[in-house]
Amino acid sequence: RVSNAGKSCLSALKLGSGTLQVSLSWNTAGTDGDLAIAEPGGNRISFSNRKSKSGGALDRDDRDGFGPENIVWDGNAPDGEYAIEVTFYSGGNSTGYVVTLNAAGGNSQTKRNSLSYKGEKDTVFRFVKTGDRISFR
């Protein structure tokens, strides 16, 4: 006998995925980080505007720590310029975060940074989508 038998419980969170997916997580409990994306044509997806006419949607908004927050297009995201923004909405004095962008065609990018005070915003990525290609600015 190597060890005692035991039981454990695991909670799993299922996030949407699609042709374009952006996820945010952070490292401070009791903190609310917010993910937003300005898409071509000026529409903005965020906690206050969860769905766009183009098919993009915020399918997970975490308000009390660690995330994730997730914005996804289940169909083809429109071509054009995008801007991904993170805001330190509420919580402690600072938090570190990671944003991951996954797009069709194997395009993937990750950025880590930190925010120091409530209300601070960071434009994480600016990119142009053309078909299956992503070019970062």
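Shown above is the structure to which this text applies.
We now examine the pairing of strand S7 (residues 95–103). The buried fraction of S7 is high, at 7 of 9 residues. Bridging between strand S1 (residues 20–26) and S7 involves 7 bridges; their strand directions are antiparallel. Note that in S7 the partner of Ser23 across the bridge is Thr100. Bridge analysis of S7 against strand S8 (residues 107–115) gives 9 bridges, and the strand direction is antiparallel. Bridge pairing in S8 places Ala103 opposite Asn107. Taken together, S7 and the strand that follows it, S8, pair antiparallel across an intervening segment of 3 residues, in which Gly105 is found at a positive phi of about 85 degrees.

Moving on, we come to unusual backbone geometry. Keep in mind that most residues, glycine aside, have a negative phi and that most peptide bonds are trans. With an omega of 5 degrees, the peptide bond running from Gly67 to Pro68 counts as cis. Mapped onto the secondary structure, Pro68 falls in the loop between strand S4 (56–60) and strand S5 (69–73).

Turning our attention to the sheet that holds S8. Strand order in the open sheet formed by 5 strands is S4-S5-S1-S7-S8, and the pairing between neighbours is antiparallel. Each end of this open sheet is capped by a strand with a single partner; those strands are S4 and S8. Here the strands of the sheet are splayed against their neighbours by 15 degrees on average, with no regard to which way each runs.

What counts as what
- Residues numbered from 1 in each chain as written.
- Predicted model: local features only at pLDDT ≥ 70, side-chain atom pairs only at ≥ 80, totals over all residues.
- Heavy atoms only, no water.
- Buried < 20%, exposed > 50% of the residue type's maximum accessible area, 1.4 Å probe, protein only.
- Helix = DSSP H or I, 4+ residues; strand = E, 2+ residues; numbered from the N terminus.
- Pairing = 2+ DSSP bridges.
- Axes fitted to C-alpha atoms, helices over the stretch in contact; angles between N-to-C directions.

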